[in-house]
Structure formats: structure tokens, C-alpha cells
Amino acid sequence: MSISHVVGYPRIGADRELKRAVEAYWQGALSRESLEAAGRELRTRHWADQREAGLDLVTVGDFAFYDQVLDLSVTLGAVPARFAAETEVAAGEVDLDTTFRMARGRAPRGEPAAACEMTKYFDTNYHYLVPELHAGQSFRLASSRLFDQVAEAQALGHAVKVTLLGPLTWLWLGKARDEGFDRLSLLEALLPVYGELLARLAEQGVEWVQLEEPALVQDLPREWQQAYEAAYSVLGRAPVKLLLASYFGGLGDNLGLAVGLPVAGLHIDAVRAPEQLAAVLDRLPTYKVLSVGAIDGRNIWRADLALLRERLAQARIRLGQRLWIASSCSLLHVPVDLEREIELDPELKSWLAFARQKLDETVTLARLLGGSATQVDHERLEAATLALQARRDSPRIHRPEVADRLAGVEPLDHERASSYPKRALAQRRALDLPLFPTTTIGSFPQTDEIRAARRALKAGELSLEAYEARMREEIAYAVARQEALGLDMLVHGEPERNDMVEYFGERLDGYAFTRFGWVQSYGSRCVKPPVIVGDVSRPDPMTVRWSQYAQSLTDRPMKGMLTGPVTMLQWAFVRDDQPRETTCRQIALALRDEVRDLEAAGIRAIQIDEPALREGLPLRQGEWQAYLDWAVACFRLSAAGVRDETQIHTHMCYSEFNDIIDSIAALDADVITIETSRSNMELLDAFQDFAYPNDIGPGVYDIHSPNIPAVEWMVTLMEKAAERIPAERLWINPDCGLKTRRWEEVEPALANMVEAARQLRRRLG
Ligand code: GLN
Ligand code: ZN
């Protein structure tokens, strides 16, 4: 037989029980005991799911009330000093409320303090809490939660595999405040604590511990590669068997390193990087287990079991029982249970698999390879083959007119008619804007009333006509407020949009939506990404009516507002039967039609948001350029169909842009509004060596904070910007949309922003 397991399982629960329990606890509506009980109940159910599916090992250590990386930091005693004092309960244990304070800055017990930084886990949409590192840091075992959970699973009679992040990836994900600090210098102090932890697990009778080291699929500096050897030669002596887990990509130049480390087993991602299997097989020492991650932990498509069986047959012959079958990575990144989707049409449903279904796929694949397949397994194999055949042939997926149109796209379709300087002149004449024009990023506060109206529409309590009338009122209100504030380029405020991706996905062919397809994004927050099922096209205009109405209320230019093709792709589950690039081009063409329709309806400026451009970057730098090339081409394809006079804006946020600034310039948007206020114009460092050629609005008002930015502060920031970029090309704007703020905060902040623009015009004009 072949051992089957998963790298990890979602913990939120099929009904988002974890979210409810944790939030109730934060609000004081649930006791600590009840919260712990809710956690126990979820773990019990999830282990039972794994066992009942037939997995040989259940995974312990993937549970966390907030974030598993944070839990590990706490276990290692890496609790920043500002959370100290009252943090400890008996025997040096860090209290759960301290964990919550690290995550959110506050908890039912303990003093509030600045929360730890949160950022995306590799190229996923899951956010972890960044370990805070500093010189001379010491570590100690400071939590026994993991051991308790192991005991809990054992008491339920499960065969346990423990998982935790390995020491190098934990350090890799960490950050030091002090510049020039070498995170690796902490390894020596860290290893004894890992050693102690492994010894304790061994005492509990744990045989296998999975150490997750996804940093191995990235470009590692030489010292880090060497540190892997040093660290694992120590850890390899622990009295447990170690399964070194890589995922999210191929091992690449770290393959020899990973295969050679002195551990009992290696896990590889054979979904993202199937080609590495052969090389690993050739080099794997004969004493080692190879866990092949064959079931996709990053997407929701049903596995092609027949194909996988064929692909892995050779591995099975060569490895025999040393071949294990697994999910490619933790199933944390997919929704919990497809069976909940009772409203999803049966055809689409037959093409999908969520976490619960992926357990079955893993087990069946292992049994098919191991020669112990049952009747059920053969039925599953056959059902998968039939469903996939149907998917391949379905007219719902393949729409010849979309393919034809894509084939007809020419290089010139990516080019505006004239270059930026000529367009800028035409736009200046058409738009008649002052120096330092002021604008906002698109959304205005999404009030409770707006959300209530949308809920009422969905529930059938409000007619579509009444709902739309309500939204028009909101738009009229936002337009009047902006005119009163004296903003130069207005927006309609996006009240009619629930979400910037969902709104468009619902209006495009080729997209589908689930009811319960929640995936943890951070802490108690879950998202429900749309599914791009088939060829994408736009049956009807999506935003034109709203923008046209908003423009009818004012003489000032009204910006049309669209979500860009890369962001539409990035924030969805994307079909896996064609390159992502192709899907992105289809979306770009649909958006191109919308852009042109907006222009034809008299809209003189159109913003195409691409907040997710940077997060689509591949994990290996060598693959960046190829991605950026097609991402930029897709944006240009969506934008380039308009006249010189029509001003194309774009907006980006959430990230560092300095290293991709030339690609951002290559978008050739007339204006970019970009987040920078929190980093104190750090963005401008990029302009030291690179002269950004078009208009730019470096966000001067940090919308993530409820504070009202002072006029002087914004003036100073803009003066700094004006040292690098000619004043004629600078805009004044917030750093992101205002939908999460309240009007009481937005109005005084924008009033200050407009005043800052006036002062700048006087000083620099
Ligand atoms: N136009 C969007 C808004 O203002 C942009 C959101 C974003 O950048 N994430 O809400
Ligand atoms: Zn933004």
C-alpha cells in the first residue's frame, strides 16, 4: 500500500464555525472555555473527516484560532516585548489572549499594543503574522498547545502526523526592525527549541513530524542553502522521523539540497511542478520516503485520477511502499466541503472538489497505486474520468467566438494612438484641470444602509427598481459631497458594488459563484473567490449606466471605474485547462469593450484598478519578467482602445512597487494613483534611477487609519514628490478606496486634502 495524508486541512469549519466562535469570544459573548471547546470540536471533526476518508495519518498542528505561523512564534517564545507582562499563565505558558493581542492589537484580557505585521503567505491569499526578530533574541518552549492537541488526537485513536513550519522558513518569513540584521544569526539559538519540541513529540509517541519548508521553492542565497544543511544535520538526529515538506512550486536549484538533507522523507509539489518528479526519483536516497503532492491544494478542480495514476506508476514501481500520496500543499487554501453547495448546478459541481472531496481523491489515488483499490475507488476513478471528459467537451467552457476574437488580436491593439506627451496635451484641453488635480480612488463609505439595501434585494424584499433608485440616491449624495469639497475629478462612489471582483464576475460569462466556498484570508476573515469556469466574455455593458448617471449630475469629469484583468484573474479560482495568461487576455478583451462603451457614453476618464498586479509575481525571480510581460499586455489590451482625449487611470496598493516600477510604467496609463503614504514616500526612491514618465498620484492620505491627515503633512509629502516628479504630472489623492471609512472621517480628511492642493498650487504653481 501507499500511505496517504494531506499537508494540512482547513480549520474554519464548513459553516465558518471558527470565525463565529473567535469573534464571539473577542466581543465577550463567549467564554474562554467555550472557545476552547469550539476549537476542540472542530479538530475532532476534521480528524474524523480524514480518518473516515481513509487517510493513514491525520495531521495535527494545522489548527490555530488565528494563524498557525503566529502559534508557532508563540510556541518558540518569540513574543515581542510590548506584549509581555501579564502574558504568562502557569509554568511560563503564553496566554491565548497574548496571541490575539499580537494578531489584532487587543484581546479580552491584557493591554492593547500595536499588532504584529501581517502579510501574504508566499503567493497565496492567506495572510500570516510576520515573526518579529531582533539581534540576540532568545527562544524557549512557551506553549504546550501543540502537545495538548497531539494528546487529544491520540485519545481519539488516530495515527498522528504532526506538522509545523521548519526553522528556516520561519526565519525566512520573519522580519527585523533594525536594518542590516541577519535573520540567520538566530538559527543557532532557535534549533535547541525545535530539538526540545521534537523530543517532546517523540515522548508522546509521535512517529512522523512534517517540517514545512516552502522557502525551498524560492531563490535562496548561498548562506541560506548552507544553513539548511547545518540545521537539518542537527534536527535529523531528533528521535522522530522528519518529513521535509516543500510546496507551491518546484525545488529548482535547491533540489539536490532538499533531496540530500538527512531526514526520513521529502514532500514535493507535483501539481505546480510535475516535471520535478523524475529528477527527484533519480536522486532520492533509498532510505527515504517520497510524499508526492498530487492533489491540488490551491485550486478547486476535480483531479484526473486516471492521468495521475499513469503519471505516478513509475514512481510506484521504483519506490514501492516508500511512495506516499498527498495534497500538494495544505488544503487551507480551498473551501471546505462541496456537498454544501446544494444550489450549484450538478454539471459544474461534478467538475469540482473542495477539501473534503480532496481527501477522498488522495485516498483513492493511493489505493489505486498501491493495488488495494476497492469497488468505491474504481467507481470514483470512472466518475472522475467521465466528469472531466464532459468538462473538456462542454460548450459552457469553450466558446469559439471568444477564441476567434483572441486569435485576431494584433500588437497594435495594445497601443494607444499617440504617445503619452501628445495624449497629455489633448487631455489637458479636454478636461481643463488645475495643477495638482485632486481625485479619489473610487469607493465612498459602504454604509450599513447600503448593505442593508443589497441584502433586501437579495432576499426579495426590495425590488430591483427600488434598489437601483436607492443606489442613484447614494451616487447623487457622493457627487454633491465631492462638489462641495471642491474635488477636481469625481467618482460615483461604487455603492452598487458588493466587491470589486464579484461585481464584474457576476456580469461576465464564464464566471461562476459558490454559496459556501469560503477560504480563510486572515484570522476570522474569510473570502469567497469566484470561479472562472470557461471562456470569458461580456454579454452587456456592466457599469455604463451608473457612470453616465453620475456624469449627468456634474460638469466636472467623472471617472469610470473598472477592475483590471490581472486582478480579476488573481482573486479568483482560475480554470486549469489553459494558461492563466489566456484567461487573462479574455478578461482584458471584455474590459476593453466596457472601456470603449464608457467613452462612447461621454465618460472622459476611466480608471482600471490593478491592486493585485504585484501579488501575481511568481515565487522565482527568473519567472518574473515573463509574467510581467503578459500582465502588462493584458492591461494595455483593456485600455488602449480609446481616443487620445480619454484619460486612462490605474490604481495599485498593498505592496512594494519599487522593484517592478518599469513594468508599472509600461502599463502606459495616463495617470497612476498608488499607495505610498504609510511608507513616507518610500516609493519615490524608485524614481532615483527610474524617471516615471506619466502622471502619478502618490497617495497622501492613509485610508487604513481613522486619523484625519493634517494639511501640512500632505503638503510636505507632495513637496518631497515634486523634487522627483515635475509638478505638472502630480495628482493629489488618498492611497486607496474609502469604502471602509465613515463619512465623518472622509469629509474632513478630503477637505484637508483639497486645502493641501490649494497651498501647493500657491507655492509651486
Ligand atoms: N476602486 C476601488 C475602490 O476604491 C479600488 C480598491 C482597491 O484598490 N483595492 O474601492
Ligand atoms: Zn487600493
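In case you missed it, the structure is sitting above this.
The sections below set out a description of the structure shown in this document.

Scoring rules and cut-offs
Residues numbered from 1 in each chain as written. Chains lettered and ligands numbered in written order. Predicted model: local features only at pLDDT ≥ 70, side-chain atom pairs only at ≥ 80, totals over all residues. Heavy atoms only, no water. Donors = N, O, S within 2.8 Å, 3.2 Å for Na, K, Ca; no water. Tetrahedral: all angles 85-135°; square planar, octahedral: opposite > 155°, others 65-115°. Helix = DSSP H or I, 4+ residues; strand = E, 2+ residues; numbered from the N terminus. Buried < 20%, exposed > 50% of the residue type's maximum accessible area, 1.4 Å probe, protein only. Contact = heavy atoms within 4.5 Å. Near = heavy atom within 4 Å. Polar contact = N/O pair within 3.5 Å; in protein donor to acceptor, adjacent residues only side chain to side chain. Areas by Shrake-Rupley, 256 points an atom, 1.4 Å probe, with all protein chains shown as cover. Nonpolar A, V, L, I, M, F, W, Y, C, P; charged D, E, K, R; others polar. Salt bridge = Lys/Arg side-chain N within 4 Å of Asp/Glu carboxyl O. Core = buried A, V, L, I, M, F, W, Y, C linked by side-chain atoms within 4.5 Å. Phe/Tyr/Trp six-rings, centres within 6.5 Å; stacked < 30°, edge-to-face > 60°. Pairing = 2+ DSSP bridges. Right-handed = clockwise from strand over helix to strand, strands pointing away.

Section: the coordination of the zinc ion (ligand 2)
- Bound to the zinc ion (ligand 2) on the protein side are H651 (NE2), C653 (SG) and C736 (SG), at distances that span 2.0 to 2.3 Å.
- Around the zinc ion (ligand 2) sit four donor atoms, and with donor-metal-donor angles ranging over 92 to 128° the site reads as tetrahedral.
- The motif formed by the donor residues of the zinc ion (ligand 2), counted along the single chain, is H-x1-C-x82-C. With H651 in strand β18 (residues 647-652) and C736 in the loop between α26 (711-724) and α27 (743-764), the pair connects residues that are 85 residues apart, well separated along the chain.
- Under the relative-accessibility criterion, H651 is labelled buried at 3%.
- A residue is classified by how much of its surface remains accessible, and C736, at 12% relative accessible area, is buried.

Comments concerning the side chain of E361
- Inspection of the secondary structure assignment puts E361 in helix α13 (residues 355-370).
- In contact with E361, not counting residues within four places along its chain, are I295, R302, A303, L305 and A353.

Focus: the site of ligand 1
- Taken together, 13 residues sit near ligand 1, with S443, E494, D609, H651 and G737 positioned nearest.
- At a separation of 2.7 Å, an oxygen atom of ligand 1 approaches a polar side-chain atom of S443.
- H651 has a polar side-chain atom sitting 3.1 Å from an oxygen atom of ligand 1.
- Taking 300 Å² as the accessible area of ligand 1 by itself, protein coverage stands at 97%.
- For the shell around ligand 1, the residue count by class is seven nonpolar, four polar and two charged.

Regarding the pattern of salt bridges
- A full pass over the atoms with the stated rule returns 54 salt bridges.
- Linking R32 and D97 is a salt bridge whose minimum nitrogen-to-oxygen distance equals 3.1 Å. Of this pair, R32 sits in helix α2 (residues 32-53) while D97 sits in helix α4 (residues 96-104), and the two are 65 residues apart along the sequence.
- Judged by relative accessible area, R32 falls into the buried class, the value being 15%.
- Residue D97 is classed as buried on the basis of its relative accessible area, which comes to 2%.
- For E347, the salt bridge goes to R396, with nearest N and O atoms at 2.7 Å. With a gap of 49 residues between them, E347 in helix α12 (residues 346-349) and R396 in the loop between α14 (375-393) and α15 (400-407) connect regions that are remote in the sequence.
- Judged by relative accessible area, which is 35%, E347 ranks as partly exposed.
- Linked by salt bridges that have partners in common, R356, D360, R367, D377 and R380 make up one network.

What about the nonpolar core?
- Core analysis: the largest hydrophobic core is formed by 99 residues, its most contacted members being I648 and L750.
- Here the element with the most residues in this core is helix α23 (residues 624-639); it accounts for ten residues.
- Those residues in contact with L750 that lie beyond four places of it in its chain are T440, F444, L485, L487, Y701, P734 and L738.
- Grouped together as the second largest cluster of nonpolar side chains are 95 residues, F147, V209, L211 and V292 included.

Looking at the packing of aromatic side chains
- Applying the stated rule across the entire model yields 19 aromatic pairs.
- Aromatic side chains W26 and Y66 sit 6.0 Å apart centroid to centroid with 40° between the ring planes, which places their arrangement in the tilted category. Placement of W26 in helix α1 (residues 17-26) and of Y66 in the loop between β1 (58-60) and α3 (68-75) is noted, with a sequence separation of 40 residues between them. An identical accessibility class is assigned to W26 and Y66; each is buried.
- Arranged with centres 5.6 Å apart and planes meeting at 90°, the rings of W26 and F100 form a pair that is edge-to-face. Of this pair, W26 sits in helix α1 while F100 is found in helix α4, placing the two residues 74 residues apart along the sequence.

Focus: the side chain of S4
- One can find S4 in the segment before α1.
- Excluding residues within four positions of it along the chain, S4 makes contact with G54, L55, D56, L57, I325, T362, V363 and A366.

A word on the pairing of strand β8 (residues 241-245)
- Counting buried positions along β8 yields four of five residues, so the element is predominantly enclosed.
- Looking at chain direction, strand β7 (residues 208-212) and β8 are connected through five bridges and run parallel. Directly across from L211, in β8, lies its bridge partner L244.
- This β-α-β element, β7 to helix α8 (residues 222-235) to β8, shows right-handed connectivity.
- Here β8 runs beside strand β9 (residues 265-269); their pairing, made up of three bridges, is parallel. Looking at the pairing, A245 lines up with H267 of β9.
- Tracing the backbone out of β8, into helix α9 (residues 255-260) and back to the parallel element β9 gives a crossover that is right-handed.

These figures come from the coordinates and say nothing about function on their own.
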